[in-house]
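Below are the chains, spelled out letter by letter.
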Amino acid sequence: MKREWWHNLVAYQIYPKSFMDSNGDGIGDLRGIISRLDYLQDLGVDLIWLSPVYSSPFMDQGYDISDYYGIAEEFGSMEDFDELLSEVKKRNMYLIMDLVINHCSTEHEWFKKAVSDPYGPYADYFYFRKAVDGREPSNLRSYFGGNVWELVPGQSDLYYLHMYTPGQPDLNWGNDELRQKLYDMVNWWLDKGIDGFRVDAIMDICKDTSFPTYYEPDGPDGLRFCKVLTEGPGIGPMLDDLRDSCIRPHNAITVGECFGLSGGELEEFIGDNGHFSTIFDFTAHSLIHKHKCWAEVPEFDFNSWRDAIISGQHESMDFGFRANVIENHDEPRGASRYLPTWAQNDAGIKMLGTIHMLLRGIPFIYQGQEIGMQNMPFGDIDEYNDPNTHMEYDLALLEGYSKEEAFQSCLRFSRDNARTPMQWNNSTNSGFTTGTPWLPVNPNYTNINVELENQNPASILNYYKKLIALRKDPALAEALVYGSFQEEYLEEENVFAFRRVSPHLEVLVITNWNRDCVEIPLSNRDSNGTILLTNCLDQNSCHLSDGVITLHPLDAIVLSIKRP
Ligand code: GLC
Ligand code: CA
């Protein structure tokens, strides 16, 4: 496998609206981010992914872009952006943007021009289709509920396609002029000096444009999930064209948001000549997708989760790296989701972080994960801003769940769980804003915040710093960056252990998810290993003797072992 400049990076995702507000309007902004760059540098991360900061009416929190060359007023100006970029570079960090090119916003000038001349050239930038039997051209459900077809404003028999919210019309990648404009825009940002992109919803750009009129419904709303439109072949050459026209000439990095790939397709996506540099590994997150709605998802199950992580690791081992995430702006907090209730504490969160950071792949930390932020105890369905949450709530009711059950499922899975403001200190609004935050601050900010944790050597934050430092230690890179992944101790119940193996060095990670102590027998070679890191507060509690290691509940231990 060819070695690349980005293989050993630790990445950090910023959700700008909720990171840091500099002017008291309750909305995070670019100057706020600039003011916290020292924090990120001190944490040790080196690649920052900014969720969208482009001009947008915020129907879907900036994933609906009205001007790809503009910065959202709420977030600041292009001068602020340029300063942010240069401050990032000064700290020897990298910056990647979000690239949202499956759709734009109904406020984009392309869409406005299309609406004013619905049979003219701009209409072909989108998918405009005639009504069928006086109604929507087909019965497909958008990602956020409702039909994917919406009437073109001012028309009574002409619809446009939107796989996401009605404010996000899908772009027609079959139109050469449009594609060229997108490439020009991508190159413009890369020329400015950004290091690459996280590529949003990209698997949806290649559609079955015959647009069949009827699909067998898969839900009580009589609709079928719109994903069927984009399951066909043909996307490969489109992705390669984007890569070759923009990404490769800049030696930039791309991180694809690609759900639903089968193991067999991975090499095509992230192999040496892959469509992307890397793509997120959503194997564990996708466990819930086999359920009809959030309300149907059972309690967290350790074994299925561990199996998912292990199979995800093996799938890409021979040819590439995936990007590892516990949580992001579309998922609930990992601390609340992937730990049993009794383990949702400092020790458990550190244990989960140990696994995440030391798996094979590029670790992506989502803002607040490093301090152990948790799901938000919203009080009522109306408190949620996210359209997806409201869709899931309605879906649960349609499926026959009670209002309380539907609401409980939002508490578990809503995207707003991870979108509440970053918790900086224990002053009003967690130091995020001096105004009224756009989404409420989690009331646990008085215990969980950066300032407090910085002062406490045993905090989650300080543990994350150690994990990041370990992941970046050049002496360990052969194992922790390039080493293969080998699961261990599968026969031990509720233990997740794995080894990262390189020719001269191995790193063994063992974590105990039991409510009791476990004693793990070690081979001779392993028992001569050195403890690199443990989350045990009392270093003696987690001990190695006579070839046996004893782990208390929620202990995580990392050993380095020299190979002869
Ligand atoms: C991606 C984004 C998500 C957004 C969607 C539509 O999944 O991560 O936040 O709603 O694309 O752009
Ligand atoms: Ca602001």
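Residues numbered from 1 in each chain as written. Chains lettered and ligands numbered in written order. Predicted model: local features only at pLDDT ≥ 70, side-chain atom pairs only at ≥ 80, totals over all residues. Heavy atoms only, no water.

(A) Local environment of the overall build of the chain. Per the secondary structure count, the chain includes 16 helices and 23 strands. The C-alpha radius of gyration of the chain comes to 24 Å, within 12% of the 24 Å expected for a compact globule of 564 residues. Projected onto the principal axes, the alpha-carbon positions of the chain cover approximately 80 × 55 × 50 Å. Taking all 564 residues of the chain together, 62% fall into the buried category. Within the chain, residue pairs in contact and separated by at least 24 positions form 71% of the contacts whose partners lie at least 6 positions apart. Accessible surface computed for the chain: about 21,300 Å², of which carbon and sulfur atoms make up 48%. (Helix = DSSP H or I, 4+ residues; strand = E, 2+ residues; numbered from the N terminus. Rg over C-alpha atoms; globule rule 2.2 N^0.38 Å. Buried < 20%, exposed > 50% of the residue type's maximum accessible area, 1.4 Å probe, protein only. Contact = heavy atoms within 4.5 Å. Areas by Shrake-Rupley, 256 points an atom, 1.4 Å probe, with all protein chains shown as cover.)

(B) Spotlight on the pattern of salt bridges. A complete count under the given rule lists 40 salt bridges for this structure. Where salt bridges share partners, they join Glu 488, Arg 499, Glu 506, Arg 525, Asp 526 and Arg 563 into one cluster. (Salt bridge = Lys/Arg side-chain N within 4 Å of Asp/Glu carboxyl O.)

(C) Local environment of the coordination of the calcium ion (ligand 2). Looking at the metal site, the calcium ion (ligand 2) is ligated by Asp 21 (OD), Asn 23 (OD1), Asp 25 (OD), Ile 27 (O) and Asp 29 (OD), spaced 2.2 to 2.3 Å from it. All donors of the calcium ion (ligand 2) come from a single chain, and their spacing in sequence reads D-x1-N-x1-D-x1-I-x1-D. Overall, the relative accessible area of 3% leaves Asp 29 in the buried class. (Donors = N, O, S within 2.8 Å, 3.2 Å for Na, K, Ca; no water.)

(D) Region of the structure containing the sheet that holds strand E5 (residues 94-99). Overall, parallel pairing links the eight strands, which are arranged E1-E2-E5-E10-E12-E13-E14-E15 in a closed barrel. In the packing of helix H5 (residues 176-192) onto the sheet, contacts are made with E5 and strand E10 (196-199), and the angle to E10 comes to roughly 135°. (Pairing = 2+ DSSP bridges. Axes fitted to C-alpha atoms, helices over the stretch in contact; angles between N-to-C directions.)

(E) View of the environment of Glu 74. Mapping Glu 74 onto the fold places it in the loop between strand E4 (67-71) and helix H3 (78-90). What Glu 74 contacts, discounting residues up to four positions off in sequence, is Asp 25, Ile 27, Gly 28, Asp 29 and Phe 58.

(F) The site of ligand 1, seen in detail. Within the structure, ligand 1 sits among 13 residues, and Asp 60, Asp 200, Glu 257, His 329 and Asp 330 are positioned closest to it. Within the side chain of Asp 330, a nitrogen or oxygen atom sits 2.4 Å from an oxygen atom of ligand 1. For ligand 1, an oxygen atom lies 3.1 Å from a polar atom in the side chain of Arg 415. When ligand 1 is considered free in solution it has 310 Å² of accessible area, and contact with the protein chains removes 95% of it. Residues of the shell around ligand 1, tallied by class, amount to three nonpolar, three polar and seven charged. (Near = heavy atom within 4 Å. Polar contact = N/O pair within 3.5 Å; in protein donor to acceptor, adjacent residues only side chain to side chain. Nonpolar A, V, L, I, M, F, W, Y, C, P; charged D, E, K, R; others polar.)

(G) The packing of aromatic side chains, seen in detail. Under the counting rule described, the total for this entry stands at 42 aromatic pairs. Relative to Trp 189, the ring of Trp 188 has its centre 5.0 Å away and its plane inclined at 90°; by these criteria the two rings are edge-to-face. Residue Trp 189 is classed as buried on the basis of its relative accessible area of 0%. Look at Phe 300 and Tyr 338: their rings are 6.3 Å apart centre to centre, the planes differ by 70°, and that puts the pair in the edge-to-face class. With Phe 300 in the loop between strand E13 (278-281) and helix H8 (302-315) and Tyr 338 in the loop between helix H9 (334-337) and helix H10 (346-358), this pair connects stretches of sequence that are 38 residues apart. Note on Phe 300: relative accessible area 24%, which makes it partly exposed. On the basis of relative accessibility, which here comes to 5%, the residue Tyr 338 falls in the buried class. Directly above the aromatic system of Tyr 482 lies the positively charged group of Arg 3, at a separation of 3.6 Å from the ring centroid. (Phe/Tyr/Trp six-rings, centres within 6.5 Å; stacked < 30°, edge-to-face > 60°. Lys NZ or Arg CZ within 6 Å of the ring centre and 35° of its normal.)

(H) Broad picture of the sheet that holds strand E16 (residues 484-488). Sheet architecture is open: five strands sit in the order E16-E17-E18-E23-E20, paired in antiparallel fashion. Looking along the sheet, the strands with just one partner apiece sit at the ends: E16 and strand E20 (530-534). Between one strand axis and the next, the sheet turns by 20° as a mean value, whatever way the strands run. Pairing geometry for E20 and strand E23 (residues 556-562), over four bridges, is antiparallel. Bridging across to E23, Thr 534 finds its partner in Ile 557. Of the strands in this sheet, E16 and strand E17 (495-501) touch H8, which is tilted by about 15° from E17. Docked against the sheet, helix H14 (residues 460-472) engages E20 and E23, running at close to 135° with respect to E20.

(I) Examining H3 more closely. An ideal rise of 1.5 Å per residue puts 18 Å on 13 residues; H3 measures up with 18 Å between its terminal C-alpha atoms. Listed as buried for H3 are Met 78, Asp 80, Phe 81, Leu 84, Leu 85, Glu 87 and Val 88. In this structure, the buried side of H3 is in contact with helix H1 (30-35), helix H2 (37-43), strand E2 (47-50), E4, E5 and H5. Where H3 ends, the next residue or the one after it, Asn 92, has phi of about 55°, a positive value. (Expected span 1.5 Å × (residues − 1).)

(J) A look at the nonpolar core. By size, the foremost hydrophobic cluster in this structure holds 147 residues, and its most contacted members are Tyr 12, Leu 40, Phe 81, Trp 189, Phe 197, Trp 305 and Phe 364. Dropping the residues within four chain positions of it, Phe 197 is found in contact with Tyr 54, Ile 96, Met 97, Asp 98, Leu 99, Val 186, Trp 189, Leu 190, Ile 247, Ile 253, Thr 254 and Val 255. In this structure, Tyr 384, Tyr 393, Ala 406 and Leu 411 belong to the second largest nonpolar core, which totals 16 residues. (Core = buried A, V, L, I, M, F, W, Y, C linked by side-chain atoms within 4.5 Å.)

(K) Representation of the pairing of strand E12 (residues 253-256) in the model. Here E12 shows two buried faces, one formed by Ile 253 and Val 255 and the other by Thr 254 and Gly 256. Where E10 and E12 come together, four bridges link them in parallel fashion. Bridging from a neighbouring strand, Val 199 pairs with Gly 256 of E12. Bridge analysis of E12 against E13 gives two bridges, and the strand direction is parallel. If you follow Val 255 over to E13, its bridge partner there is Thr 278.

(L) View of the side chain of His 285. Within the element layout of this structure, His 285 appears in the loop between E13 and H8. A distance of 3.4 Å separates a polar side-chain atom of His 285 from the backbone oxygen of Val 325. In this structure, His 285 is in contact with Val 325, Ile 326, Glu 327, Glu 331, Arg 337 and Tyr 338, ignoring residues within four places of it in sequence.

(M) Structural context of the packing of H10 against H14. Viewed as axis vectors pointing N to C, H10 and H14 meet at an angle of 20°, and their least axial separation amounts to 10 Å. Looking at the two axes, H10 sits roughly parallel to H14. Taken as a pair, H10 and H14 cross one another with a handedness that is right-handed. Contact residues: Asp 346, Ile 349, Lys 350, Gly 353, Thr 354, Met 357 and Leu 358 in H10; Ile 460, Tyr 463, Tyr 464, Leu 467, Ile 468, Leu 470 and Arg 471 in H14. For the contact of H10 with H14, the class distribution of residues is nine nonpolar, two polar and three charged. (Parallel < 35°, antiparallel > 145°, perpendicular 65-115°, else oblique. Left-handed = near helix turned anticlockwise from the far one by under 90°.)

(N) Looking closely at the environment of Gly 435. Its place among the elements puts Gly 435 in the loop between helix H12 (403-413) and helix H13 (450-455). In the structure, Gly 435 is positioned 412 residues away from Asn 23 in sequence and 8.4 Å away in space, judged by C-alpha atoms. Ignoring sequence-local partners within four residues, the contact set of Gly 435 consists of Gly 24 and Asn 429.

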